[in-house]
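# Notes for the structure review
Residues per chain, in single letters:
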Amino acid sequence: MTPDSLRALSGAPSPGADFGSKHDTVKFVQDTSKFWYKPDISRDQAIAVLKDKEPGSFIVRDSHSFRGAYGLAMKVATPPPSVVQQSKKVGDLSNELVRHFLIECTQKGVRLKGCPNEPYFGSLTALVCQHSITPLALPCKLILPDKDPMEEPSDSPPQTATNSAAELLKQGAACNVWYLGSVELESLTGHQAVQKATTLTLSADPPPASTAVHFKVSAQGITLTDNQRKLFFRRHYAVNTVIFCSLDPQGRKWTRGSGSTAKIFGFVARKSQSETENICHLFAEHDPEQPASAIVNFVSKVMIGSHKK
């Protein structure tokens, strides 16, 4: 979802619209932004809304202190140690359980300010969705809301992790990666399969050429599209055939012709028409700002995890 479509949903202008055309970052498509994007509320209003919610509840608003940036207000389980030490008196610490983070807009995308390990994201929605899968630099994972937090609370049960994963899967994720090749492994699976496929691929002489492909994860499975149609047009691996996904257990990297290196990851799928023969499809991350670990997390925890339940 680009900032323009976010603006259309919220009815409010969205700064930083010039980065919406970036193609190498994960694109998430979902419609919960109207619940969590509240551009015009104040910091105090955000605290009032969130202080009685469960940890991980959040609101994104337009920052009033930093023009062109966003403020992320989120409920956490415990206040920062510095606040506990300062607050010697027995006061109400519930306001201190709402933490505030600044989201900066740059030419590369949006990111949490002051957190060097945080990647850039192509949109606010992509940033929010990734942090609902893994907290990265935040104190805990964000919980995607299924209703407007500013409305009166109802008796409906809170959204569960399973529901959240199902929602994320419905939205899907996609990015560009380098396709390194596929290795037949008989019945081998798990980390050993990815490790063996990596060893065989890296020891090949001459080394296989890497091809940029579009890697899409959805409730139906994984779809690879060779944008330049060098090796193939499109390949689809149904969700019930994909059985494992991980980074190379030995942490080896793919060295491109330019000398740059990239993390290697792979997924193991059953060969078509076979119950026992597996094949490992190997990739390297295309852009370090869209890390391989995020792709592996999405495939393992969201896609495969949801299918097993």
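Up top is the structure these notes are about.
Structure report, in brief. On a predicted model such as this, the values are computed, not experimentally measured, just so you know.

### Points about the pattern of salt bridges
Two side chains with opposite charge may pair up if their charged atoms get near one another. Following the criterion strictly, the structure yields five salt bridges and no others. Among the salt bridges present, the one from Asp-148 reaches Lys-38, with a minimum N-O distance of 2.8 Å. With a gap of 110 residues between them, Asp-148 in the loop between α5 (124-133) and α6 (161-171) and Lys-38 in the loop between α2 (33-36) and α3 (43-50) connect regions that are remote in the sequence. Per residue, the accessibility class of Asp-148 equals that of Lys-38, and both read buried. Between Lys-147 and Asp-146 there is a salt bridge, with the nearest N and O atoms lying 4.0 Å from each other. By relative accessible area, Asp-146 is classed as partly exposed at 44%.

### Digging into α5
Taken across its 10 residues, α5 has 10 buried, putting it largely inside the fold. The set of residues buried in α5 consists of Leu-124, Thr-125, Ala-126, Leu-127, Val-128, Cys-129, Gln-130, His-131, Ser-132 and Ile-133.

### A short note on the sheet that holds strand β4 (residues 109-112)
Strand order across the open sheet formed by four strands is β1-β2-β3-β4, with antiparallel pairing between neighbours. Of all strands in the sheet, those with a lone pairing partner are β1 (58-62) and β4, marking the two edges. Each neighbouring strand pair of the sheet contributes to a mean axis angle of 25 degrees, computed without reference to strand direction. Sheet strands in contact with α3 are β1, β2 (70-75) and β3 (98-106), and its direction is about 165 degrees off that of β1. Those strands touched by α5 are β1, β2, β3 and β4, and its axis lies near 40 degrees from that of β4.

The rules behind these values
Residues numbered from 1 in each chain as written. Predicted model: local features only at pLDDT ≥ 70, side-chain atom pairs only at ≥ 80, totals over all residues. Heavy atoms only, no water. Salt bridge = Lys/Arg side-chain N within 4 Å of Asp/Glu carboxyl O. Helix = DSSP H or I, 4+ residues; strand = E, 2+ residues; numbered from the N terminus. Buried < 20%, exposed > 50% of the residue type's maximum accessible area, 1.4 Å probe, protein only. Pairing = 2+ DSSP bridges. Axes fitted to C-alpha atoms, helices over the stretch in contact; angles between N-to-C directions. Contact = heavy atoms within 4.5 Å.

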